[in-house]
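Understanding the architecture of this molecule
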Amino acid sequence: MKDTGKLSILEKCAYGAGDMGSNFIWFLIAIHSTFFYTEYFGLAIGTVTAMMAIITMIDLLFDVYVGAVADRHKTKLGRFRPWILYGVVPFVAITIITFYTPDLDESMKLIYAFLSFLLLRLMYSVVNVPYGALMGVISGDARERDSVSAYRNIFAQIGWFCASTLFMPAVKYLQDTFELQGKVAFFYIVSVYAVVAGLLLFFTFWGTKERVEPVAEENSPIKDDLKDLITNKPWIIVTLAGILMLVFTTCHNFLINYYCKYYLSNMYADPSAPDGFRYELIGTFFGNEMSWELFSSIMFGFGSVITIVATILCEKFLIGKLGKSKSWVLCFVLASVASAFYLFVPKESLAVIILLQILFTLFIGPCSFIMWSMYADIADNTEVQTGRRATGLIFSSATMSQKLGNTLAAIIPGAVLSFVGFKANDFNMSDSVREMILYVFALFPIISAVFAVICLKFYNIDEKKIEENSKELARRKAEKEAL
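Since we're looking at a predicted model, the values are computed, not measured.

**Section: the overall build of the protein chain**
When its secondary structure is counted, the protein chain shows 16 helices and two strands. Computed over the C-alpha atoms, the radius of gyration of the protein chain is 22 Å, within 12% of the 23 Å expected from 2.2 N^0.38 for a compact globule of 483 residues. Its C-alpha atoms give the protein chain principal-axis dimensions of about 80 × 45 × 40 Å. When each of the 483 residues of the protein chain is scored for burial, the buried share is 61%. Partitioning the contacts of the protein chain with sequence separation of at least 6, the portion at a separation of at least 24 is 83%. A total of about 19,200 Å² of accessible surface is found on the protein chain, and carbon and sulfur atoms cover 67% of it. The positive charge centre, built from 40 side chains, and the negative charge centre, built from 42, are 7 Å apart in the protein chain.

And the structure:
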């Protein structure tokens, strides 16, 4: 199939809509799952972190399998789009089932939680690994792929904004208006988000096309592609940097709810409340009192809006001057400085906390867009070097790094909090535990940023190499079509 290069705005929006829908669900997996299992489902935080670790190990292997299989099976609908079409309905169904709290004894609830969350993670792979790989074949033009990646990140942040800003306030609204238990209200809102996510993913299938085909149609053994991958220096570097980036951002986002609820708020008993207690923020926001749920949603919401702005600015002005890897390094450094300043802000200064959140996300926001674009460049570079285009396998590693980074960002802070004696809704929580939430929230992301910057210093696919690879692949394809 001939590569037409340029894409319509509609097709770019259709592709972006898929990550918007995926982020509806990924927000639940990465940010709210631990909170759901400790606050509503009734599992101990140590149990939850162990469960997450086991499921992640299984899931990471499955990512590689999905990517490799998708590379080797072409249908009349393409290699990657059919996975989205046929996977979306089961994906929506298992999401709804996962966040239902059954009336079972403790051991059966743990089994239910493990199996349902495992299935959710696997179905996320079935849909999202091919979705990510689709960007690598949607156009042969590197600049067009950069643009598609920017659209993806913008739509992803719209999805993140809707999930982060509206989700918990919607849960609280159902609780207060209809006097529902938190777990019931949570389940209802999850169900709505899951259905909308499914519709957005179907729009991606409908509105996109696959244009780039490998120059050589050889069905090489999976072991050959895996061997190429594990010896591919740019892939190793970007994958490590991607894992560390997700640790950086997800550790921050994962702890926002805990930071707002347990560090910025005081807990008091209230027999009239559905759960028997309430939390009240210590400070005010420009003189206005608000719930911790609303304040955490504002933190998430500002982050998403600012990330959209940062992505547009980075794509148009920064990358052209610095290149992708140097732009990524700069983002890490500036965001780390912003994160460290959380240590010095008083609990009462909610407006200053929001300002730091704006700066943090302004600096780290474009990183996801940069990473996805670099994976597409790696796919081109690999095809030039080996003669094989393992797009699905390469992009599966991006999804793998996303999941591993998110899981590490949940497991390690969760393990630290468990070690210092954190218990959800504990009336006798000590000041040292509250302070530890702050230290992990502010400092742990910076550790991952340091290692990510070191990795990116060794990345060697610059803008000149990207252009050379594009021309070489175009030449090979022209020769093939002339035969």
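**Some points on the state of the cysteines**
Inspection of the entire model under this criterion finds zero disulfides. Sulfur of Cys251: no disulfide; nearest cysteine sulfur belongs to Cys260 and is 14 Å away. Given a relative accessible area of 0%, Cys251 falls into the buried group. Note on Cys314: no disulfide assigned, nearest cysteine sulfur contributed by Cys331 at a separation of 5.4 Å. The class of Cys314 is buried, set by a relative accessible area of 4%.

**Some words on the side chain of Ser191**
Tracing the backbone through its elements, the reader meets Ser191 in helix α6 (residues 182-207). Of the polar contacts made by the side chain of Ser191, one reaches the backbone oxygen of Phe187; its length is 3.0 Å.

**Here's the deal with the nonpolar core**
Within the largest apolar cluster, 155 residues are counted, with the highest numbers of intra-cluster contacts made by Tyr37, Phe186, Tyr259, Phe295, Met299, Trp328 and Phe332. For this core, the leading source of residues is helix α1 (residues 9-41), giving 16 residues. If we skip the residues at most four places from it in the chain, Tyr37 touches Gly42, Leu43, Val48, Met51, Met52, Thr98, Ala113, Ser116 and Phe117.

**Concerning unusual backbone geometry**
Non-glycine residue Glu179 carries a positive phi angle of around 55°. One can find Glu179 in the loop between α5 (142-178) and α6.

**Some details on the pattern of salt bridges**
As enumerated under the stated definition, the model contains 14 salt bridges in all. Lys6 is the partner of Asp141 in a salt bridge, and the nearest nitrogen-oxygen pair spans 3.8 Å. Of this pair, Asp141 sits in the loop between α4 (106-137) and α5 while Lys6 sits in the segment before α1, and the two are 135 residues apart along the sequence. When the shortest N-O distance is used, the salt bridge between Arg121 and Asp59 registers 3.1 Å. In this pair, Arg121 is assigned in helix α4 and Asp59 in helix α2 (residues 45-72), connecting sequence segments 62 residues apart. In this structure, Arg121 and Asp59 share a single accessibility class: buried. Shared partners join several salt bridges into a network, and the residues in it are Arg143, Arg145, Asp146, Lys324, Asp377 and Asp380.

**Observations concerning empty space enclosed by the protein**
Under the criterion given, the structure shown has three cavities of 30 Å³ or more. In terms of lining residues, the largest cavity is bounded by 29 residues, among which Gln157, Trp160, Thr249, Asn253 and Ser368 are the most central. The residue makeup of the lining of the largest cavity, split by class, is 12 nonpolar, 15 polar and two charged.

**A short note on a negative patch on the surface**
Side chains of Asp462, Glu463, Glu467 and Glu468 sit close together on the surface and give a patch of like negative charge. Take Glu468: it is sitting in helix α16 (residues 463-482). Overall, Glu468 belongs to the partly exposed group, its relative accessible area being 40%.

**Re helix α8 (residues 233-254)**
When the terminal C-alpha atoms of α8 are compared, their 31 Å separation across 22 residues agrees well with the 32 Å that a helix rising 1.5 Å per residue should span. A large share of α8 lies buried, amounting to 19 of its 22 residues.

**Focus: the packing of aromatic side chains**
In total, this model carries 35 aromatic pairs according to the counting rule given. Between the aromatic rings of Tyr259 and Tyr263, the centroid separation amounts to 5.6 Å while the plane-to-plane angle is 15°, which identifies the pairing as stacked. Here the residue Tyr259 and the residue Tyr263 both occupy positions in helix α9 (residues 256-263), the gap between them amounting to four residues, near one helical turn. Tyr259 gets classed as buried once you look at its relative accessible area, which sits at 0%.

**Thoughts on the packing of α1 against α8**
α8 packs onto α1 with a crossing angle of 40° between their chain directions and a minimal axis gap of 9 Å. Between α1 and α8, the angle is such that the two are oblique. The way α1 lies across α8 gives a crossing that is right-handed. Every residue of α8 that contacts α1 at Ala30, Ile31 and Thr34 is listed here: Thr250, Asn253 and Phe254.

**Brief notes about the environment of Leu393**
As for its position among the elements, Leu393 is in helix α14 (residues 391-419). The sequence separation of Leu393 and Trp235 amounts to 158 residues, and the corresponding C-alpha distance is 11 Å. With residues up to four places along the chain from it excluded, the contact list for Leu393 reads Val64, Gly67, Ala68, Asp71, Asp225, Leu226 and Leu229.

Reading the values: rules and limits
- Residues numbered from 1 in each chain as written.
- Predicted model: local features only at pLDDT ≥ 70, side-chain atom pairs only at ≥ 80, totals over all residues.
- Heavy atoms only, no water.
- Helix = DSSP H or I, 4+ residues; strand = E, 2+ residues; numbered from the N terminus.
- Rg over C-alpha atoms; globule rule 2.2 N^0.38 Å.
- Buried < 20%, exposed > 50% of the residue type's maximum accessible area, 1.4 Å probe, protein only.
- Contact = heavy atoms within 4.5 Å.
- Areas by Shrake-Rupley, 256 points an atom, 1.4 Å probe, with all protein chains shown as cover.
- Lys, Arg positive; Asp, Glu negative; His and termini not counted.
- Charge placed at Lys NZ, Arg CZ, Asp CG, Glu CD.
- Disulfide = S-S within 2.5 Å.
- Polar contact = N/O pair within 3.5 Å; in protein donor to acceptor, adjacent residues only side chain to side chain.
- Core = buried A, V, L, I, M, F, W, Y, C linked by side-chain atoms within 4.5 Å.
- Salt bridge = Lys/Arg side-chain N within 4 Å of Asp/Glu carboxyl O.
- 1 Å grid on protein atoms, 1.4 Å probe; cavity = no way out; pocket = protein on both sides within 12 Å on 5 of 7 lines; lining within 4 Å.
- Points joined across faces, edges and corners; volume = space filled by probe spheres on them.
- Nonpolar A, V, L, I, M, F, W, Y, C, P; charged D, E, K, R; others polar.
- Patch = residues over 30% accessible without salt bridge, like charges linked within 9 Å, V, L, I, M, F, W, Y side chains within 5 Å.
- Expected span 1.5 Å × (residues − 1).
- Phe/Tyr/Trp six-rings, centres within 6.5 Å; stacked < 30°, edge-to-face > 60°.
- Axes fitted to C-alpha atoms, helices over the stretch in contact; angles between N-to-C directions.
- Parallel < 35°, antiparallel > 145°, perpendicular 65-115°, else oblique.
- Left-handed = near helix turned anticlockwise from the far one by under 90°.

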